[in-house]
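# Summary of the model geometry
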Amino acid sequence: MKQQDSISIVVPCYNEEEAIPIFYGEIVKKLNTIPNIDYEIIYINDGSRDKSAKEMKQLAIQDDRVKYILLSRNFGKEAAMYAGLKESKGDYIAIMDVDLQDPPVLLKEMYETLKSGYYDSVATRRVTRKGEPPIRSLFARLYYKLINKLSKTQIVDGARDFRLMKRQMVDAVLSITEYNRFTKGIFSWVGFETKWLEYENIERVAGETKWSFWKLFLYSIESIVAFSTAPLALASVLGIILFGIAIVFIVLIIVRTLYFGDSTSGWPSLVCVILLTSGIQLLCIGVIGEYLAKTYLEAKHRPLYIIKEKNTDQKKNSEAENS
Ligand code: UDP
Ligand code: MG
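Residues numbered from 1 in each chain as written. Chains lettered and ligands numbered in written order. Predicted model: local features only at pLDDT ≥ 70, side-chain atom pairs only at ≥ 80, totals over all residues. Heavy atoms only, no water.

In the annotation of an unreviewed UniProt entry, the protein chain is listed under the name Bactoprenol glucosyl transferase and assigned to Clostridium tyrobutyricum DIVETGP.

And the structure:
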């Protein structure tokens, strides 16, 4: 039997040169408080344009528990997380942001919860959105209401990507290789028992957020398309409603013509109707187009990411000596 559990910390980084060493200091401090574990910290450089890669390599020289994966360009956080999970070796795997918005102090409690048996993963959610623009919070709330109505897979409001999972669950997540990834939904989709921890929003230690309002908006559309086909049904429902209205109008017009004679007035309303229906048609084609585009990308079977360089297969000095 193995005497020690090992924990892998997966940390996607994009332009985070300042935060990388700060994160390292904090996480090591917290991991050292957990007795009898071995750990590795896997930084994924998601095509940063600053010195992030250099910082990671520097740390890896000092400490052989630091691993790095350098991606060949910016593939996005979703792909970076997948790369990290794929290369991780631990029995327990955590995903964390490098900006310390995911408090490392929770790790000990998470680990103990998993260790005691029942749960397969411990996830976190923010209960406040302090420090965030109000309009962003409003849209975020609306978004969660909408996606949970549309999709059978429940997405918890305020859920972070920060969680600690057992190997079995990570393997399940890795078995889902779809190109358009929405990890929060995938975690929920694979099932398993998840315990939720709540905490108040913390502002990042250094650097700035990589998510503009527009990027978040596009990401939210992506997640809806990834986890719900309800918008496709919208086209048919609207079609049926309009068809019904059209029939009623046709009957009314026939009746009116028969009783009151023909009249050429009424063309403005006709134009309105044409505009309305063609607008709805375009909307529906757009919805179908979204799904078609996703299908197209999936059908290409492109890899989720490309690794330029990594040290995750390197043995630790102590292991190398033993073997
Ligand atoms: N990130 C990434 N690739 C990207 C964008 C972000 O790896 O294309 C990383 C980023 O370095 C950070 C985490 O994802 O560790 C969360 O990003 P950020 O803090 O900007 O998001 P927020 O906390 O504002 O939602
Ligand atoms: Mg952040």
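### Description of the environment of Asp-38
Note the cut-off: Counting from the N terminus, the helices are DSSP H or I runs at least four residues long and the strands are E runs at least two residues long. Remark: exposure states derive from per-residue accessible area (1.4 Å probe, protein chains only) relative to the maximum for the residue type, with buried under 20%, exposed over 50%, and partly exposed in between.
With respect to the secondary-structure elements, Asp-38 resides in strand S2 (residues 37-45). For Asp-38, a relative accessible area of 26% puts it in the partly exposed group. C-alpha separation for the pair Asp-38 and Gly-191, spaced 153 residues apart in sequence, amounts to 27 Å.

### Some thoughts on the site of ligand 1
Spelled out, the test is: Here a residue is considered near a molecule or strand provided that any single heavy atom belonging to it is located within 4 Å of it. Here a polar contact means two N or O atoms within 3.5 Å. Within protein one must be a hydrogen donor candidate and the other an acceptor candidate, and residues neighboring in sequence count only if both atoms are side-chain atoms. Working definition of accessibility: Shrake-Rupley area with a 1.4 Å probe, residue cover restricted to the visible protein chains. Residues are sorted three ways: Asp, Glu, Lys and Arg are charged, Ala, Val, Leu, Ile, Met, Phe, Trp, Tyr, Cys and Pro are nonpolar, and all the rest, Gly among them, are polar.
Neighbouring ligand 1 are 16 residues, the closest being Glu-16, Asp-46, Gln-101, Arg-204 and Thr-209. Take Pro-12: an N or O atom from its main chain is 2.8 Å from an oxygen atom of ligand 1. Between ligand 1 and the protein, one listed contact pairs an oxygen atom with a side-chain N or O atom of Glu-16 at 2.6 Å. Isolated, ligand 1 exposes 530 Å² of accessible area, and the fraction of that covered by the protein chains is 90%. Partitioned by chemical class, the residues of the shell around ligand 1 number 5 nonpolar, 4 polar and 7 charged.

### A word on the pattern of salt bridges
We apply this condition: For this document, the term salt bridge refers to a Lys or Arg side-chain nitrogen within 4 Å of an Asp or Glu carboxyl oxygen.
Enumeration according to the criterion identifies 15 salt bridges in this entry. With a closest N to O distance of 2.9 Å, Lys-77 and Asp-97 form a salt bridge. Pair noted here: Lys-77 is in helix H3 (residues 77-87) and Asp-97 is in the loop between strand S4 (92-95) and helix H4 (106-115), with a separation of 20 residues, a long-range link. Since its relative accessible area comes to 23%, Lys-77 is described here as partly exposed. Owing to a relative accessible area of 13%, Asp-97 belongs among the buried residues under this scheme. A salt bridge links Lys-310 to Glu-87; the shortest N-O distance between them is 3.1 Å. In this pair, Lys-310 is assigned in strand S8 (residues 307-310) and Glu-87 in helix H3, connecting sequence segments 223 residues apart.

### What about the packing of aromatic side chains?
Rule in force here: When two rings of Phe, Tyr or Trp (its six-membered ring) have centres within 6.5 Å they constitute a pair, described as stacked for plane angles under 30 degrees, edge-to-face for angles over 60, and tilted for the intermediate range. By definition, being over a ring means that NZ of Lys or CZ of Arg is both within 6 Å of the ring centre and within 35 degrees of the ring normal.
By the definition in use, this model includes 9 aromatic pairs. When the centroid spacing of 6.2 Å and the interplanar angle of 50 degrees are considered together, the rings of Tyr-82 and Tyr-305 count as tilted. Here the residue Tyr-82 occupies a position in helix H3, and Tyr-305 occupies one in the loop between helix H10 (267-300) and S8, the gap between them amounting to 223 residues. When sorted by exposure, Tyr-82 lands in the same class as Tyr-305, which is buried. The interplanar angle of 65 degrees and the centroid separation of 5.1 Å between the aromatic rings of Tyr-143 and Tyr-144 together place this pair among those described as edge-to-face. On the basis of relative accessibility, which here comes to 14%, the residue Tyr-143 falls in the buried class. Overall, Tyr-144 belongs to the buried group, its relative accessible area being 10%. Lying across the ring of Phe-75, Arg-73 places its NZ or CZ 3.9 Å from the centre.

### Section: the pairing of S2
Definition in use: When DSSP locates at least two bridges between a pair of strands, those strands are taken to pair. Handedness of a crossover: with both strands directed away from the viewer, a clockwise path from the first strand across the helix to the second marks it as right-handed.
The buried count for S2 comes to 8 of 9 residues, which makes it a mostly enclosed element. For strand S1 (residues 5-13) and S2, the ladder comprises 9 bridges, and the chain directions are parallel. Considered in S2, the bridge of Ile-9 is made with Ile-41. Since S1 and S2 lie parallel, the crossover through helix H1 (residues 19-31) that links them has a hand, and here it is right-handed.

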